[in-house]
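Structure assessment
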Amino acid sequence: MKNDLPSDALYTLEDLEKWPREGTSLAVLGHPVKHSLSPPMHNAALAELNRDHPEFSDWTYYKFDIQPEELKSALGKFYRKGFKGLNLTVPHKILAAQWVNIGEAEVELTEACNTLLWTENGYQGYNTDLYGLTSAIEDEFKIQLQDRDVLLLGAGGAARAAAVACGQTGVRSLTLANRTVSKLDAIRGVLEKLESCPPVDTCALDQPLPSVSERMIVINATSLGLDPDDPTPADLRKLPASTLVFDMIYNPARTKLLKEAESLGMQVANGLGMLAYQGERSLKIWTQKNPSAKTMFAAAQAGLQST
Ligand code: NAP
C-alpha cells in the first residue's frame, strides 16, 4: 500500500495490519459501511480547517469494514496504530461502549458510543448522536425542543439516544411508541435516572396516542422507511397540521412518513442534518477546533447524490 491512501476506498482489518501511513488517521468502523458518507463529510471539514490551521494538513478520514466479532481486537489494533479518532456505526455502537473508557455520562445512559478519542490511557468514548439530533431539529425547524411535546417512534439504539436527548433538554412531554411495547420499559428506566425527567407515556405503534397537542414533534427512530415499500411507522392523520415530523432516515431523502406529513401540510426534515451535526461534534472532540456543520452537511448531501 502506498502512503497516499485514497480516502474513498473501503479498508479491512488486513489493510490495518500493514497500515503505512504516518499522518493522523481517523476512521469510521461499521458493517456494512461501504456507503458511509462520513469520509467525504469529515475530509471536507478537515480541508476547510486546514486553511487556518495547517497542522491538519496530514489528517485524513477513512472507512473500514469490521465484523462485530472482530471489533474488540480491531479496536486494540487501531489504538496501537495511533488512529486519533474513530466513529462507530451499525452494529458497533453498543458493543464498543463496554470496552472503552467513558468520556461522558451519555455513554452510560445510552449504553452506546459512536466516537472514540485516542488518549494515553486508551480510547475514550463519547456519544455525539444526542447533540446531532437536538442540533438538527432546532436548526432545521428553527424551534427550541424544550417547547415541544415529543412523540418518539422506536426503541432501538437511536431511539434510546433520542429519548435521553429529549429528557436532558427538558421537553414538555415525551410519548414513546414502539412495535414491541415491552422494550419501552428499559428506556423509561433510563429516563428516570436523569436529574429531571419530563412526563413520559408509552404505547404501541398502532395504538391511538394518549394525548395530542398543537406543539407536537414526531421523531421517527424506527428503521421503517429504509425500504420504500415499508409501511409508515405512525398514522399522522389524527395530528394537527402544526406537527413537525423528523425522520432519522436520510436515504431515501423523503420516506413515506415524510411524504404523508407534507401532504397534511406539516413541516418535515430528514436525518441528514443529524448525521452532519453528530460528525461536527466528533471532529470537534478530535481537533479541539470548530468545524463547520454546514460544510459537512453539503459534503454529505453531495456524497448521497453520487451514490
Ligand atoms: P435498531 O436498534 O435496529 O432499532 C430498530 C427499531 O425499528 C426498533 O424500534 C424496531 O422495533 C423498529 N422496527 C424495525 N422493523 C419494524 C417493523 N417492521 N415494524 C415496526 N417497527 C419496526 O436501529 P437503530 O440503530 O435504533 O436505528 C433506527 C433508525 O435510525 C435507522 O433507520 C437508522 O438508519 C437511523 N439512524 C439515523 C442516524 C442519523 O444520523 N441520521 C443515526 C442513528 C440511526 P422493535 O423493537 O419492535 O423490533
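Position numbers for residues count from 1 along each chain, tracking the sequence in the order it is written. It should be noted that, the model being predicted, local features are given only for residues of pLDDT at least 70 and side-chain atom pairs only at 80 or more, the latter also being counted only at that level, while totals for whole chains, interfaces and linings use all residues. To get the side-chain values, all heavy atoms of the structure are used, and hydrogens and water are removed first.

Considering the environment of Ala27
For the record, the criterion: The helix and strand labels rest on DSSP assignments: H or I over at least four residues marks a helix, E over at least two residues marks a strand, and numbering proceeds from the N terminus. Whether two residues are in contact is decided by their heavy atoms, any of which lying within 4.5 Å being enough.
With respect to the secondary-structure elements, Ala27 resides in strand β2 (residues 24-30). Ala27 sits 56 residues away from Phe83 along the chain, and the two C-alpha atoms are 7.7 Å apart. Non-local contacts of Ala27, meaning those with residues more than four positions away in its chain, are made with Tyr61, Tyr62, Phe64, Phe83, Gly85, Leu86 and Asn87.

Re the packing of aromatic side chains
Let me state the cut-off plainly: When two rings of Phe, Tyr or Trp (its six-membered ring) have centres within 6.5 Å they constitute a pair, described as stacked for plane angles under 30 degrees, edge-to-face for angles over 60, and tilted for the intermediate range. Exposure is judged per residue with a 1.4 Å probe applied to protein chains only, and the accessible area is read against the type maximum: over 50% gives exposed, under 20% gives buried, and values in between give partly exposed.
Under the criterion given, the structure shown has 14 aromatic pairs. Residues Phe56 and Trp59 carry aromatic rings whose centres are separated by 4.8 Å and whose planes lie at 80° to one another, so their mutual orientation is edge-to-face. By the burial criterion, Phe56 is buried, and Trp59 matches it. An angle of 90° between the planes, with centres 4.9 Å apart, marks the rings of Phe78 and Phe83 as edge-to-face. Since its relative accessible area comes to 0%, Phe78 is described here as buried. One aromatic cluster is present, formed by Tyr11, Trp19, Tyr62, Phe64, Phe78 and Phe83 through successive ring pairs.

Some remarks on the pattern of salt bridges
Note the following rule: Only one rule defines a salt bridge in this text: a Lys or Arg side-chain nitrogen within 4 Å of an Asp or Glu carboxyl oxygen.
Summed over all chains, the structure comprises eight salt bridges. Two residues, Arg281 and Glu104, come together in a salt bridge whose shortest N-O distance is 2.7 Å. Remark: Glu104 occurs in the loop between β5 (101-102) and α5 (105-110) and Arg281 occurs in helix α10 (residues 272-287); sequence separation between them is 177 residues. The class for Glu104 is buried, based on a relative accessible area of 14%. Close ionic contact of Arg254 with Glu262 constitutes a salt bridge, the shortest N to O distance being 3.2 Å. On the basis of relative accessibility, which here comes to 37%, the residue Glu262 falls in the partly exposed class.

Some words on the nonpolar core
This is how the line gets drawn: Take the buried residues of types Ala, Val, Leu, Ile, Met, Phe, Trp, Tyr and Cys, join any two whose side-chain atoms come within 4.5 Å, and each joined set is a nonpolar core.
Core analysis: the biggest nonpolar cluster contains 37 residues, and Ile219 and Phe246 have the highest contact counts within it. Contributions of two or more residues to this core are made by α6 (129-141), β8 (149-153), α7 (157-169), β9 (173-178), α8 (184-192), β11 (216-220), β12 (244-247) and α10. Top element by residues in this core is α7. It accounts for seven residues. With residues up to four places along the chain from it excluded, the contact list for Phe246 reads Leu133, Ala136, Ile137, Phe141, Val218, Ile219, Asn220, Ala269, Asn270, Gly271 and Met274. In this structure, Leu29, Leu75, Phe83 and Ala96 belong to the second largest nonpolar core, which totals 24 residues.

Topic: the packing of helix α2 (residues 38-52) against α10
Short version of the rule: Angles run from 0 to 180 degrees between N-to-C directions of axes, and those axes are lines fitted to C-alpha atoms, restricted for helices to the stretch in contact. Convention used here: angles under 35 degrees read as roughly parallel, angles over 145 as roughly antiparallel, angles from 65 to 115 as roughly perpendicular, and any remaining angle as oblique. Note on convention: near helix rotated counterclockwise from far helix by under a right angle means a left-handed crossing. Clockwise means right-handed.
Running from N to C, α2 and α10 point in directions that differ by 50°, and their axes come no closer than 10 Å. For the element pair α2 / α10, the angle class is oblique. Between α2 and α10 lies a crossing whose hand is right-handed. Across the interface between the two elements, Met41, His42, Ala45, Leu46 and Leu49 from α2 touch Leu275, Ala276, Gln278, Gly279, Ser282, Leu283, Trp286 and Thr287 from α10.

Considerations on α7
Rules: Given a helix with a known number of residues, its expected span is that number minus one, times 1.5 Å.
With 13 residues, α7 ought to run about 18 Å at 1.5 Å a step, and its terminal C-alpha atoms sit 18 Å apart, in line with that. Listing the buried residues of α7 in full gives Ala159, Arg160, Ala161, Ala162, Ala163, Val164, Ala165, Cys166 and Gly167. Buried residues belonging to α7 abut α5, α6, β8, β9, α8 and β11. The first or second residue beyond α7 is Gly170, which carries a positive phi of 80°.

Some details on helix α3 (residues 71-80)
Put simply, the rule is: To obtain the arc, one takes the directions from the helix axis to the C-beta atoms.
Here α3 has its buried residues at Leu71, Ala74, Leu75 and Phe78. When α3 is viewed along its axis, its buried side chains cluster within an angular range of 105° and face the same direction. Away from the buried face of α3 by more than 90 degrees, exposed residues Lys72 and Arg80 are located. Backbone geometry just downstream of α3 places Gly82 in the positive-phi region, at approximately 80°.

Comments concerning the site of the ligand
To keep things clear, this is the line we draw: Each residue is tested against the molecule or strand, and it is near if at least one of its non-hydrogen atoms lies within 4 Å. Pairs of N or O atoms are called polar contacts if they sit within 3.5 Å, as long as, within protein, a hydrogen donor faces a hydrogen acceptor (for residues adjacent in sequence, only side-chain-to-side-chain pairs). Only the protein chains shown count as cover for residues, and the accessible areas themselves come from Shrake-Rupley with a 1.4 Å probe.
Of all residues adjacent to the ligand, which total 22 residues, the nearest are Ala155, Ala158, Asn178, Thr180 and Lys183. A distance of 3.1 Å separates an oxygen atom of the ligand from a polar atom in the backbone of Gly157. Between the ligand and the protein, one listed contact pairs an oxygen atom with a backbone N or O atom of Ala158 at 2.8 Å. Across the complex, the protein chains shield 74% of the 930 Å² of accessible surface that the ligand would expose by itself. Among the elements of the structure, α7 and α10 are those that each provide at least two residues to the shell around the ligand.

Things to note about the sheet that holds strand β7 (residues 122-126)
Put simply, the rule reads: We treat two strands as partners when DSSP finds at least two bridges between them.
An order of β1-β3-β2-β4-β6-β7-β5 is seen for the seven strands of this open sheet, with the pairing classed as mixed. Looking along the sheet, the strands with just one partner apiece sit at the ends: β1 (10-11) and β5. Note that β1 and strand β3 (residues 59-65) share two bridges and pair parallel. Residue pairing in the sheet places Leu10 in a bridge with Lys63 of β3. Sheet strands in contact with α2 are β2, β3 and β4 (85-88), and its direction is about 175° off that of β3.

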